[in-house]
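Analysis of the macromolecular model
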Amino acid sequence: MNEVAPAPQPFPHRHLLGIEGLSPDEITLLLDRAEIYVDQNRQADKKKSVLRGRTIINLFFEASTRTRTSFELAGKRLGGDVINMSVSTSSIKKGETLIDTSMTLNAMHPDVLVVRHPDSGAVQLLAEKVNCAVINAGDGSHEHPTQALLDALTIRRRRGRLQGLLVAICGDIVHSRVARSNIHLLQTMGARVRLIAPRTLIPAEAERLGVEVFDDMAVGLEGCDIVMMLRLQSERMHANFFPSIREYFHFFGLDYEKLERAKEDALIMHPGPMNRGVEIDSVVADDFGRSVIREQVEMGVAVRMACLELLSMNQPELTARNV
Amino acid sequence: MGNAHGDNTRGDNQPRDGDRVAYVNARLFDPASGLDVAGSLLTEGETIADFGPELFADAVPDDVIVVDCAGSCLAPGLVDIRVQVREPGEEHKGTLLSAGNAASAGGITSIVCLPNTDPVIDDMSVVEFVARRARKAGLAKVYPYGAVTKGLAGAELAELGMLAEAGAVAFTDGVRAVADAQVMRRALTYAATFGLIIVQHPEEPSLVVDGAMNEGETATRLGLIGLPPAAETIMVERDLRLLEITDSRLHIAHLSTAEAVDAVRRAKARGLAVTCDTAPPYFALNETAVGDYRTFAKLSPPLRAEKDRQAVVEGLKDGTIDAIASDHAPQDEDAKRLPFAQAAFGGVGLETLLAVSLELYHNRHLELAELLRLLTSAPADLLGLDAGRLTKGGAADLVVFDPDGAWKVDADNLRSKSKNSPFDGRPVQGRILRTVVDGRAVFAADVG
């Protein structure tokens, strides 16, 4: 095992609960560290011992395949012991409260808890009760910080920078934690953000977050460097956020006609899983020249390795134990 | 005879392609620009070629067909933004052709029809069906409203964006209110995405179950269950609050109560993007017209108290109410020859729209030009229709009328397929002499 050099500086937070509040330097630290792991992950021998002896628990109160797998792989490649707990196998179904569950897990001395929960703020509540690092893997409609980091890494590798780029985030903004984390990250790093959606899917006073809001794809995509599509959940239709899939696709689905308004070399992104023919036309999603959707998945593992490493290294009690 | 109805003269004086028709000796009105002047107007084929006081001051060229207006008023054809056609689905009550004929007799050249047909206008194919059938009739131009909710059921949004692309000019659930506040909020918000207008029937449905006429002394004496004025006020006030948080565009149809007029007045003063209309029954009649259980006077909203009628007149005078629409609601005899509580709501109004509205002029509530504005450019502008104006090069949609010509409304003589006029037997002033759509006379009175 060829080990990586230690991180140049510590990450100055105990948890990673969200992007809001992180400084440009802190974001850059995570992205730079992830950059190293991108290269490592492309080698035949991917296993490192950075987290040897450390226990990581993936605690998922909401169904997830790609994020959970990505964290699991990240932890294992760093040599940590990774346990997956999902809601169907947990005692939550037996009536245990979130705090009881976290206290139980805490008693097992994990080093990092990776938590996804359908309620906004639930991960923070849990983090207040445990004495290990907590990474938010998505809480309700609040934040999904590692997604924003992997999006940023993807963009940075393609464009060399984030500063000054014009990024359109399109679709179900109101329910999206991905959108919120990306808004914070991109603006912190000096990019400009536009939100494009039917007004039913734009949260109240969204402009107060510093973004520009559009309800016409053709106008909003004009001159954009990056087009980020969000997943549309069809159950929103029955709550009258939009009338039908065909109308949604007609006005807000990304096809070549709408994409024409963006810059010629605009990158197309999607956090997955995609609904082809709903928010994105299949041929656009599969356009090798412009779609970086698969690259986002690759960056996801690297970003999560960086987060796991830097947060593990940063636990005072861990340091004490390791002396 | 005393009525205004002559034969439909589709063979009489019909210009062929490119023919020119001169309307001379007219009092020209263009309410949008404030024009009110003696003069002439020339149509060429389907469009207005020229008009003004100097036109044909010397002579009319030989190759021009001349229509002598003999001092009568010549104005843009009326624009009626609230019409129930009944086609498709209830053709025994009315059709696009019968509504077109009634509109022609009423000087109306553009109508906007409600989506409460069967099938409901909640699908692009129905929008296209109505447009095609109306074109075939070749009478008043027909613009459909689309449904706000699928099947007018008040639950799930219809495809407003695609319906608008197909030609729906605005959205309403017709004679039903969008009752659920969350659905209405979403409808307003979603409509704003595309700059579309939601038109509400202002009535809180839970307050009017089984109601038959306006709540009050008359209903009490007749032993009928009342429809409280508050049902209208509550829905108007609620929608104005929803409008405020959605930054959208709301039009409230057929206001009938003093409190609702006042609520809109205050909302406009606050700068909200709200407009409203009323219909002739609400400024020309009150609840006493129900009299001895006259089902032709059973309307929705119901005829209200005299103070409400006066408030509606005030609303028209001070600009709170933006337009007048006929609220044409044909019902067949079977639906009206019933005990009052069981009879259907609604009255026909196309043929009496101008004559009854002219009472506001004859009673000196409104100038003639202002009244005509409320019937032409104002309703057209509300829904963004290219209609209701005299424009060189624009469609030659015109009405020639004598504002003083007296006649008596006789339900049996109406051209409308259904005869349920709340104004049956009423003496009125204002005769339609000629109605012109795209340069063609679709109605000409048999004067003399």
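Residues numbered from 1 in each chain as written. Chains lettered and ligands numbered in written order. Predicted model: local features only at pLDDT ≥ 70, side-chain atom pairs only at ≥ 80, totals over all residues. Heavy atoms only, no water.

**What about the overall build of chain A?**
Counting its regular elements, chain A contains 12 helices and 9 strands. Overall size of chain A, expressed as C-alpha extent along the three principal axes, is 60 × 45 × 35 Å. Residues counted as buried form 57% of the 323 residues belonging to chain A. For chain A, the share of sequence-separated contacts (at least 6 apart) that also reach a separation of at least 24 residues comes to 75%. Of the roughly 13,300 Å² that chain A leaves accessible, carbon and sulfur atoms contribute 51%. Between the mean site of the 38 positive side-chain charges and the mean site of the 42 negative ones, chain A shows a separation of 4 Å. (Helix = DSSP H or I, 4+ residues; strand = E, 2+ residues; numbered from the N terminus. Buried < 20%, exposed > 50% of the residue type's maximum accessible area, 1.4 Å probe, protein only. Contact = heavy atoms within 4.5 Å. Areas by Shrake-Rupley, 256 points an atom, 1.4 Å probe, with all protein chains shown as cover. Lys, Arg positive; Asp, Glu negative; His and termini not counted. Charge placed at Lys NZ, Arg CZ, Asp CG, Glu CD.)

**Here's the deal with the nonpolar core**
In globular proteins that are soluble, nonpolar side chains generally tend to be buried together. Counting residues in hydrophobic clusters, the biggest one holds 206 residues, and the most contacted among them are L149, I169 and L254 of chain A together with Y23 of chain B. Per-element accounting of this core gives the leading share, 11 residues, to helix α11 (residues 293-312) of chain A. Setting aside residues up to four positions removed in sequence, L254 of chain A forms contacts with M217, L221, V227, M229, L259, I268, E279, I280, D281 and V284 of chain A. L114, Y145, A325 and A380 of chain B belong to the second largest nonpolar core, which has 18 residues in total. (Core = buried A, V, L, I, M, F, W, Y, C linked by side-chain atoms within 4.5 Å.)

**Topic: the sheet that holds strand β9 (residues 267-269) of chain A**
Residue and element names in this part refer to chain A. Strand order in the open sheet formed by 5 strands is β7-β6-β5-β8-β9, and the pairing between neighbours is parallel. Edge positions in the sheet fall to β7 (212-214) and β9, since each of these pairs with one other strand and no more. Averaged over all pairs of adjacent strands, the angle between their axes in this sheet comes to 20°, without regard to strand direction. Note: strand β5 (residues 166-170) against strand β6 (residues 192-196), 5 bridges, orientation parallel. When the bridges of β6 are listed, A168 appears paired with R194. (Pairing = 2+ DSSP bridges. Axes fitted to C-alpha atoms, helices over the stretch in contact; angles between N-to-C directions.)

**Looking at the pairing of strand β18 (residues 440-444) of chain B**
All names here are of chain B. Of all 5 residues making up β18, 4 are buried, and the element is well covered by its neighbours. For strand β17 (residues 427-437) and β18, the ladder comprises 4 bridges, and the chain directions are antiparallel. The residue of β18 that forms the bridge with R434 is A444.

**Some details on helix α3 (residues 98-106) of chain A**
Note that an α-helix has 3.6 residues per turn; residues three or four places apart therefore point the same way. Every buried residue of α3 of chain A is accounted for by L98, T101, S102, L105 and N106 of chain A. The buried residues of α3 of chain A all sit within an arc of 135° when viewed along its axis, so they share a single face. (Arc of directions from axis to C-beta.)

**Section: the interface of chain A and chain B**
With 16 residues of chain A at the contact, the number on the chain B side is 20 residues. It is R199, N240 and P243 of chain A in chain A that bury the most area against chain B; as a group they hold 36% of the surface buried on that side. Between chain A and chain B we count 2 salt bridges in total. The salt bridge involving E159 of chain B is made with R246 of chain A; its shortest N-O contact spans 2.6 Å. For the interface between chain A and chain B, the tally reads 11 residue pairs in polar contact (both at pLDDT 80 or more). Residues belonging to the side of chain A that touches chain B are distributed by class as follows: 7 nonpolar, 5 polar and 4 charged. (Buried area = accessible area lost by both parts, 1.4 Å probe. Salt bridge = Lys/Arg side-chain N within 4 Å of Asp/Glu carboxyl O. Polar contact = N/O pair within 3.5 Å; in protein donor to acceptor, adjacent residues only side chain to side chain. Nonpolar A, V, L, I, M, F, W, Y, C, P; charged D, E, K, R; others polar.)

**A short note on the sheet that holds strand β3 (residues 112-117) of chain A**
Residue and element names in this part refer to chain A. One open sheet accounts for 4 strands, arranged β2-β1-β3-β4; its pairing is parallel. Because the sheet does not close on itself, it has two edges, and the strands there are β2 (81-86) and β4 (133-139). In this sheet, adjacent strand axes meet at a mean angle of 15° when their direction is disregarded. Most of the contacts of helix α2 (residues 66-77) go to strand β1 (residues 55-60), to which it runs at about 180°, and overall it touches β1, β2, β3 and β4.

**Focus on the packing of helix α4 (residues 181-193) of chain B against helix α6 (residues 229-246) of chain B**
How two helices pack is summed up by the angle between their axes together with the distance between the axes. Residue and element names in this part refer to chain B. Packing of α4 against α6 brings their axes to within 9 Å, and their N-to-C directions diverge by 45°. On the basis of the axis angle, α4 is oblique to α6. The crossing of α4 and α6 is right-handed. Counted together, A181, M184, R185, L188 and T189 of α4 and R238, D239, L242, L243, I245 and T246 of α6 form the full contact between these two elements. (Parallel < 35°, antiparallel > 145°, perpendicular 65-115°, else oblique. Left-handed = near helix turned anticlockwise from the far one by under 90°.)

**Describing the packing of aromatic side chains**
One pass over the structure, following the stated rule, counts 5 aromatic pairs over all chains. Ring centres of Y248 of chain A and F252 of chain A lie 5.8 Å apart, and the angle between their planes is 35°; on these two criteria the pair is classed as tilted. Pair noted here: Y248 of chain A and F252 of chain A are both in helix α8 (residues 245-252), with a separation of 4 residues, about one helical turn. Each member of the pair Y248 of chain A and F252 of chain A is classed as buried. Between F252 of chain A and F194 of chain B, the ring centres sit 6.4 Å apart and the planes meet at 55°, which makes this aromatic pair tilted. Taken together, the residues F252 of chain A in helix α8 and F194 of chain B in the loop between α4 and β10 (198-200) connect one chain to another. What makes F194 of chain B partly exposed here is its relative accessible area of 23%. Among the aromatic side chains, those forming a connected cluster through ring pairs are F242, Y248, F251 and F252 of chain A together with Y190 and F194 of chain B. It is K258 of chain A that lies over the ring of F249 of chain A; its NZ or CZ is 5.7 Å from the centre. (Phe/Tyr/Trp six-rings, centres within 6.5 Å; stacked < 30°, edge-to-face > 60°. Lys NZ or Arg CZ within 6 Å of the ring centre and 35° of its normal.)

**Considering the environment of P8 of chain A**
All names here are of chain A. In this structure, P8 sits in the segment before α1 (24-41). For P8, a relative accessible area of 70% translates into the label exposed. Separated by 24 residues in sequence, P8 and D32 have C-alpha atoms that sit 10.0 Å apart.

**Considerations on a nonpolar patch on the surface**
Residues and elements named next belong to chain A. A surface patch of nonpolar side chains, about 220 Å² in accessible area, is lined by I99, M103 and L125. Considering the arrangement of structural elements, one finds M103 in helix α3. By relative accessible area, which is 39% here, M103 ends up partly exposed. (Patch = residues over 30% accessible without salt bridge, like charges linked within 9 Å, V, L, I, M, F, W, Y side chains within 5 Å.)

**Observations concerning the confidence of the model for chain A**
In this model, chain A carries an average pLDDT of 92, and 94% of its residues clear a pLDDT of 70 or more. The model gives residues 318-323 of chain A a pLDDT under 50, and that stretch makes 6 contacts with residues more than four places away or in other chains. (pLDDT = per-residue confidence, 0-100.)

**Re the packing of helix α5 (residues 145-159) of chain A against helix α6 (residues 177-188) of chain A**
Residues and elements named next belong to chain A. Their axes nearest at 8 Å, the elements α5 and α6 cross at an angle of 55°. With respect to α6, the element α5 is oriented oblique. Judged by the sense of rotation from one axis to the other, the crossing of α5 with α6 is right-handed. Taken together, the residues of α6 that come into contact with α5 (itself represented by P145, Q147, A148, L149, D151, A152 and I155) are V178, S181, N182, L185 and L186. Here the residues of the contact of α5 with α6 are counted per class, giving 8 nonpolar, 3 polar and 1 charged.

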